[in-house]
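Below, each chain spelled out in residue letters.
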Amino acid sequence: MEGVGRNKQARKRLAGLERRIRSHEEKLRREKGKSSPDLGLIAHWEAEIRGWKHERHRLLRRLP
């Protein structure tokens, strides 16, 4: 039963990561579309997305 709980937690975490990734990708699109985009903000969001995608990859490998 313990494994089932871990799988459920991993899937919940994955869903949260997916939401964050989509949200930040949308923010990136909007910021990059501006006439004078904030490059520091863009770099920050891109770094967060990379980290979340890495975590997503790790979680997906652990799921059956």
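The model shown is predicted, which means the values in this text are computed figures rather than measured ones.

Draft legend 1. Inspection of the overall build of the protein at higher detail. Regarding its fold elements, the protein presents 2 helices and 0 strands. For 64 residues, the compact-globule formula gives about 11 Å, and the C-alpha radius of gyration of the protein, at 15 Å, lies well above that figure. Structurally, the protein occupies a C-alpha span of about 55 × 15 × 15 Å along its principal axes. Relative to all contacts within the protein whose residues are 6 or more apart in sequence, the contacts with residues 24 or more apart total 66%. Roughly 4900 Å² of accessible area belongs to the protein as shown, and the carbon and sulfur atoms make up 52% of that amount. Of the side-chain charges in the protein, 19 are positive and 9 negative, and the distance between the mean point of each set is 6 Å.

Draft legend 2. Main features of the pattern of salt bridges. Following the criterion strictly, the structure yields 7 salt bridges and no others. Residue Arg56 pairs with Glu18 through a salt bridge whose shortest N-O separation is 3.1 Å. Here Arg56, found in helix 2 (residues 39-62), pairs with Glu18, found in helix 1 (residues 2-32); they are 38 residues apart in sequence, far enough to count as distant. Within the structure, one salt-bridge network assembled from shared partners comprises Glu26, Arg29 and Arg30.

Draft legend 3. Expanded view of helix 2. Taking 1.5 Å of rise per residue, 24 residues should cover 34 Å, and helix 2 covers 35 Å from first to last C-alpha, within 8% of that figure. The backbone nitrogen of Gly40 lies 3.1 Å from a side-chain oxygen of the residue at the head of helix 2, namely Asp38.

Calculation rules
Residues numbered from 1 in each chain as written. Predicted model: local features only at pLDDT ≥ 70, side-chain atom pairs only at ≥ 80, totals over all residues. Heavy atoms only, no water. Helix = DSSP H or I, 4+ residues; strand = E, 2+ residues; numbered from the N terminus. Rg over C-alpha atoms; globule rule 2.2 N^0.38 Å. Contact = heavy atoms within 4.5 Å. Areas by Shrake-Rupley, 256 points an atom, 1.4 Å probe, with all protein chains shown as cover. Lys, Arg positive; Asp, Glu negative; His and termini not counted. Charge placed at Lys NZ, Arg CZ, Asp CG, Glu CD. Salt bridge = Lys/Arg side-chain N within 4 Å of Asp/Glu carboxyl O. Expected span 1.5 Å × (residues − 1). Polar contact = N/O pair within 3.5 Å; in protein donor to acceptor, adjacent residues only side chain to side chain.

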